[in-house]
Amino acid sequence: MTIFPAIDIKNNQIVRLQKGDYNQVKVYSTDPNEILNSFYESGATALHIVDLDGAKSGNIENQTTIQKILKNNKLFTQIGGGIRNENRINHYLEMGVNRVILGTIAVENPKFVEDMVKKYGEKIAVGVDAKDKKVRANGWLVNSNINSYEFCKILRDIGVSTIIYTDISKDGMLSGCDMASYKELCTYEGLNIVASGGVTALSEIKELKELGVSGVIVGKAIYEGKISLKEAINLCSQKG
C-alpha cells in the first residue's frame with residue numbers, strides 16, 4: 001500500500017480545506033519545496049497534488065507552484081483539479097506527472113474517460129468525491145445525485161482501474177475516514193481504491209491496509225502533526 005502525502009494548492013499557497021469548503025481554508029506554506037523536502041526526508045515515494053482553484057474553474061490556476069513542485073520532483077506524482085480535456089492531460093504528462101486524476105468530466109462525460117483510458121491506460125485515474133453517498137462535481141460544489149458506489153462500478157466497467165474515493169464530510173476534519181465505504185469498495189473486483197479524506201491515525205492506516213486499499217492520501221494529519229509520515233510509510237512497508 002502506498003502513502004500519498006498531499007499538497008493542495010489555492011492561490012499558489014499550500015492549504016487544506018474543511019469538508020471541501022473553500023471559505024474554510026488554512027494556509028500551511030507558501031514554499032512547496034520546503035514541504036516536498038520534508039516528504040523526501042520521511043521516505044515518501046509518492047505525491048498527491050490538487051489544484052483547488054482549477055477544480056472549480058476547469059483551468060490550470062496554480063501553474064507557477066505546480067511547476068516549482070515538478071521541477072526537481074523525485075516522487076511518483078498524481079494530480080487532479082480541473083482536468084477536463086485531453087490537452088490538459090497531455091500538458092501534465094509532459095510536465096512529468098505520472099498519473100492524472102479526472103473528476104468532474106467523469107460525471108459529465110463518461111465516454112471521454114473511456115476514450116482516455118484506452119489511450120493512456122494506467123496514467124488515468126478518476127476521483128470520486130462523495131457526500132451522503134452522492135457524487136459531487138465542480139470542486140465539490142455540485143451534487144450530481146449519482147450514487148457513489150454505483151458510479152465506481154460504472155467507471156470500472158469502462159476500463160478505469162484506479163479510483164481515489166473521498167468522503168467530503170470527512171475531509172480536513174481530523175475525525176477519521178469513512179471506513180465503511182472502503183470496506184464496501186474493496187469488495188469490487190478490478191478496482192484499485194485509494195482512500196482519501198479524514199485519515200487521522202496510524203491505526204486507520206493499518207486497518208485500510210488490511211482491507212486491501214492500494215493507497216492512502218494523507219494531508220492535514222501530517223501538517224498538524226497527528227500522523228508521522230515516516231511512521232505511516234514504515235507501517236505500509238511491513239509485510240503481513
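Here's what I pulled together on the structure shown here. (Residues numbered from 1 in each chain as written. Predicted model: local features only at pLDDT ≥ 70, side-chain atom pairs only at ≥ 80, totals over all residues. Heavy atoms only, no water.)

Interaxial distance between helix α9 (residues 202–211) and helix α11 (residues 229–237) falls to 10 Å at its minimum, and their mutual angle equals 25°. By the angle between their axes, α9 is roughly parallel relative to α11. Handedness of the crossing formed by α9 with α11: right-handed. Contacts between α9 and α11 involve Leu202, Ile205, Lys206 and Lys209 on the former and, on the latter, Glu231, Ala232, Leu235 and Cys236. In terms of residue class, the contact of α9 with α11 is built from five nonpolar, no polar and three charged. (Axes fitted to C-alpha atoms, helices over the stretch in contact; angles between N-to-C directions. Helix = DSSP H or I, 4+ residues; strand = E, 2+ residues; numbered from the N terminus. Parallel < 35°, antiparallel > 145°, perpendicular 65-115°, else oblique. Left-handed = near helix turned anticlockwise from the far one by under 90°. Contact = heavy atoms within 4.5 Å. Nonpolar A, V, L, I, M, F, W, Y, C, P; charged D, E, K, R; others polar.)

Let us look at the pairing of strand β2 (residues 13–18). Side-chain direction in a regular strand flips from residue to residue, so the side chains alternate between the two faces of the sheet. Of the strand pairs in this sheet, strand β1 (residues 2–10) and β2 are connected by three bridges, and their pairing is antiparallel. When the sheet's bridge partners are listed, lysine 10 is paired in β2 with glutamine 13. Connecting the antiparallel pair β1 and β2 is a turn made up of two residues, with asparagine 11 showing a positive phi of about 55°. Pairing analysis gives five bridges linking β2 to strand β3 (residues 21–29), with the strands arranged antiparallel. Paired with valine 15 across the strands is valine 27, a residue of β3. Hairpin connection from β2 to β3: two residues lie between these consecutive antiparallel strands, with lysine 19 at a positive phi of about 55°. (Pairing = 2+ DSSP bridges.)

Our focus in this paragraph is the pairing of strand β12 (residues 215–218). Along β12, one buried face is formed by Gly215 and Ile217 and the opposite face, lined by Val216 and Val218, is buried too. Of the pairings in the sheet, the one linking β1 to β12 comprises four bridges and is parallel in character. Considered in β12, the bridge of proline 5 is made with valine 218. Looking at chain direction, strand β11 (residues 192–196) and β12 are connected through three bridges and run parallel. Looking at β12, one finds that alanine 195 is bridged to valine 216. (Buried < 20%, exposed > 50% of the residue type's maximum accessible area, 1.4 Å probe, protein only.)

Per the counting criterion, the structure on display carries four aromatic pairs. Each residue in the set Tyr149, Tyr165 and Tyr182 is aromatic and connected to the rest through ring pairs, giving one cluster. The ring of tyrosine 22 carries lysine 56 above its face, with NZ or CZ at 4.4 Å from the centroid. Here the basic side chain of lysine 74 rests over the ring of tyrosine 40, its NZ or CZ set 4.9 Å away from the ring centre. (Phe/Tyr/Trp six-rings, centres within 6.5 Å; stacked < 30°, edge-to-face > 60°. Lys NZ or Arg CZ within 6 Å of the ring centre and 35° of its normal.)

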